[in-house]
Amino acid sequence: MSPFPRPDYEALTRYTPDRRPVGIDLSDNTNLWGTHPAALERIRSAGPNDLARYPDLYADRLREAVAHHFGVAVDCVTTGCGSDDVLDSAFRAAGGDSATISFAAPTFSMVEPLARMNGMEVRPTSWPDALDDPGLLLAGAPSVVYVCRPNNPTGEQAPDEWLDELLARVGGDGPLVILDEAYADFAEETRLPTAPDHPRLLVARTASKAYGLAGLRTGFAVACAEVALEVEKSRGPYKVTRLGTDAAAAAVLDEDGWMAGVVRSTIENRRRLSRELDARGYAPLSSRSNFLLFRSLTGAAREDALRLRARDVAVRPFSGIPGMGDGLRVTVGPWSMMEAFLTALDEEIAALEVRS
Ligand SMILES: *Cc1c(COP(=O)(O)O)cnc(C)c1O
């Protein structure tokens with residue numbers, strides 16, 4: 001009798017971050033300014049056929065929008081039900097018996113479970129070590145190398161030369177390099193348009209962060225046509241809804257230039273919040289993203305986050321951050337929200353002083 005579930009599944013758990021309702025939620029890096037107006041307009045214009053009929057097999061309107069906006073061929077674009085689905089599909093195409101994935105830790109928390117679900121063995125290298133020598137990510141000939149740039153949860157951006165060296169060493173027959181650019185809009189730097197030039201590079205994007213479409217579950221990726229095709233095969237048909245396809249396409253085309261304002265305000269408030277945290281002695285890591293990671297107040301991030309939540313503000317706790325230990329990740333948004341966060345933080349700092 002075959003066991004159910006398969007043995008390598010047993011250590012997996014459901015993803016359960018603290019998602020209880022809270023007044024100011026700064027825990028998931030979604031767009032706190034709202035959603036792309038062109039996407040919302042498409043949803044508002046929905047008719048019965050948008051729901052009664054199947055969508056495009058492979059979200060062609062979204063593929064065409066990405067191809068047009070970033071100047072790549074349509075064949076080089078693949079899509080998914082969120083970029084998690086793009087990662088999942090890519091892992092499935094690359095995975096199977098004895099497949100391995102390497103990455104610099106800490107990184108995006110979904111990578112490890114998604115890799116395990118696809119039967120891959122996970123090989124983390126420490127972020128500072130990998131940053132010194134990108135070759136460490138290639139040790140033991142992994143099937144996939146995952147790089148998040150800017151990195152979640154640290155916000156840091158691996159330098160251009162570092163990425164160039166990694167890609168040069170991978171060459172034409174090395175592992176598939178998945179470059180997750182979930183936050184690239186806020187770094188104002190991208191490798192997406194040149195992804196098809198490298199035979200082993202897949203650049204993934206989500207519509208959940210800068211575009212403000214997390215509730216819609218759409219994402220996309222660009223690679224050379226051969227790699228994009230393998231990921232499409234693994235993804236399967238009808239994965240992106242009809243409204244999701246059209247709304248994400250409208251956001252990608254960004255004809256009214258809404259994105260530039262969001263990016264400008266995010267960068268401005270990131271700098272301002274960073275100075276405020278500095279002034280309190282909690283210097284955050286240097287971030288190119290829409291969030292900041294700073295040292296835990298007590299050394300126990302989980303408890304800090306619970307106490308801030310009791311003050312109606314949610315941030316995300318992390319442990320094992322190199323050079324920091326426990327840390328708190330806060331999403332950058334409109335200044336009124338940042339003020340509410342700073343007020344809760346100051347109250348908590350004062351309460352800790354009373355307690356000690
Ligand atoms: C949020 C996030 C995603 C998730 O994207 P979905 O499109 O919502 O699945 C992917 N990668 C990173 C690094 C993220 O932080």
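Residues numbered from 1 in each chain as written. Predicted model: local features only at pLDDT ≥ 70, side-chain atom pairs only at ≥ 80, totals over all residues. Heavy atoms only, no water.

**Student:** Before we move on, can you summarise the domain arrangement of the chain with the specific residues and values?
**Tutor:** Many descriptions give the size of an interface as the accessible area lost when the pieces come together. Domain boundaries in the chain define domain 1 (7-30 + 258-355) and domain 2 (37-253). Here the C-alpha centre of domain 2 lies 25 Å away from the C-alpha centre of domain 1. Counting from both sides, the interface comprises 26 residues of domain 1 and, opposite them, 29 residues of domain 2. Of the roughly 2,200 Å² buried between domain 1 and domain 2, counting both surfaces, carbon and sulfur atoms make up 68%. Taken as a group, Leu 12, Met 259 and Arg 288 account for 26% of the area that domain 1 buries against domain 2, more than any other trio of residues on that side. (Domains from an automatic or database assignment. Contact = heavy atoms within 4.5 Å. Buried area = accessible area lost by both parts, 1.4 Å probe.)

**Student:** Go over the site of the ligand, please, and point to the residues and values.
**Tutor:** Not every one of the 15 residues close to the ligand is listed here, only the nearest: Ser 83, Tyr 183, Thr 206, Ser 208 and Lys 209. Between an oxygen atom of the ligand and a main-chain N or O atom of Asp 84, the distance comes to 3.0 Å. Burial of the ligand by the protein amounts to 93% of the accessible area it has alone, namely 390 Å². Secondary structure elements with two or more residues in the shell around the ligand: α4 (83-94) and β5 (144-148). When its residues are assigned to classes, the shell around the ligand shows 5 nonpolar, 6 polar and 4 charged. (Near = heavy atom within 4 Å. Polar contact = N/O pair within 3.5 Å; in protein donor to acceptor, adjacent residues only side chain to side chain. Areas by Shrake-Rupley, 256 points an atom, 1.4 Å probe, with all protein chains shown as cover. Helix = DSSP H or I, 4+ residues; strand = E, 2+ residues; numbered from the N terminus. Nonpolar A, V, L, I, M, F, W, Y, C, P; charged D, E, K, R; others polar.)

**Student:** Outline a nonpolar patch on the surface, listing residues and values.
**Tutor:** Taken together, the side chains of Tyr 54, Leu 57 and Tyr 238 make up a nonpolar region of the molecular surface, amounting to roughly 350 Å² of accessible area. Structurally, the position occupied by Tyr 54 is in the loop between α2 (48-52) and α3 (60-70). (Patch = residues over 30% accessible without salt bridge, like charges linked within 9 Å, V, L, I, M, F, W, Y side chains within 5 Å. Salt bridge = Lys/Arg side-chain N within 4 Å of Asp/Glu carboxyl O.)

**Student:** Quick one: what's the story with α3, residue by residue and with numbers?
**Tutor:** Those residues of α3 that fall on the buried side of the exposure criterion are Leu 62, Arg 63, Ala 65, Val 66, Ala 67 and Phe 70. Where α3 is buried, its residues meet β2 (77-80), β7 (201-206), β8 (219-223), α9 (225-235) and α10 (242-253). Positive backbone phi, at 70°, marks Gly 71, one or two positions downstream of α3. (Buried < 20%, exposed > 50% of the residue type's maximum accessible area, 1.4 Å probe, protein only.)

**Student:** I'd like a description of the pattern of salt bridges, backed by residues and values.
**Tutor:** As enumerated under the stated definition, the model contains 25 salt bridges in all. A salt bridge links Glu 348 to Arg 311, with the nearest nitrogen and oxygen atoms 3.0 Å apart. With Glu 348 in helix α13 (residues 335-355) and Arg 311 in the loop between α12 (301-310) and β10 (313-314), this pair connects stretches of sequence that are 37 residues apart. For Glu 348, a relative accessible area of 1% translates into the label buried. A single salt-bridge network, built from bridges that share partners, covers Arg 149, Asp 160, Asp 164, Glu 189, Arg 191 and Arg 288.

**Student:** Mind laying out the pairing of strand β12 (residues 325-331), listing which residues take part and the relevant values?
**Tutor:** With respect to burial, β12 is a largely interior element, 6 of its 7 residues being buried. Note: strand β9 (residues 291-295) against β12, 5 bridges, orientation antiparallel. By the bridge assignment, Phe 291 is partnered in β12 with Thr 331. As judged from the 4 bridges shared by strand β11 (residues 316-321) and β12, these two strands associate in the antiparallel manner. Residue pairing for β12: Pro 317 is matched across the bridge by Leu 328. (Pairing = 2+ DSSP bridges.)

**Student:** Requested: an account of the packing of α4 against α9, with residues and values cited.
**Tutor:** α9 packs onto α4 with a crossing angle of 100° between their chain directions and a minimal axis gap of 8 Å. In terms of their interaxial angle, α4 and α9 are classed as roughly perpendicular. Seen from α4, the contacting residues are Asp 85, Val 86, Ser 89, Ala 90, Arg 92 and Ala 93; seen from α9, they are Glu 230, Val 231, Ser 234 and Arg 235. (Axes fitted to C-alpha atoms, helices over the stretch in contact; angles between N-to-C directions. Parallel < 35°, antiparallel > 145°, perpendicular 65-115°, else oblique.)

**Student:** Please provide a residue-by-residue account of the sheet that holds β5, values included.
**Tutor:** In space, the 7 strands of this open sheet follow the order β2-β8-β7-β6-β5-β3-β4, with mixed pairing throughout. Since the sheet does not close on itself, it has two edges, and those belong to β2 and β4 (121-126), each with one partner. Sheet twist, expressed as the mean angle between neighbouring strand axes with direction ignored, is 25°. Sheet analysis places β2 next to β8, joined by 4 bridges and oriented antiparallel.

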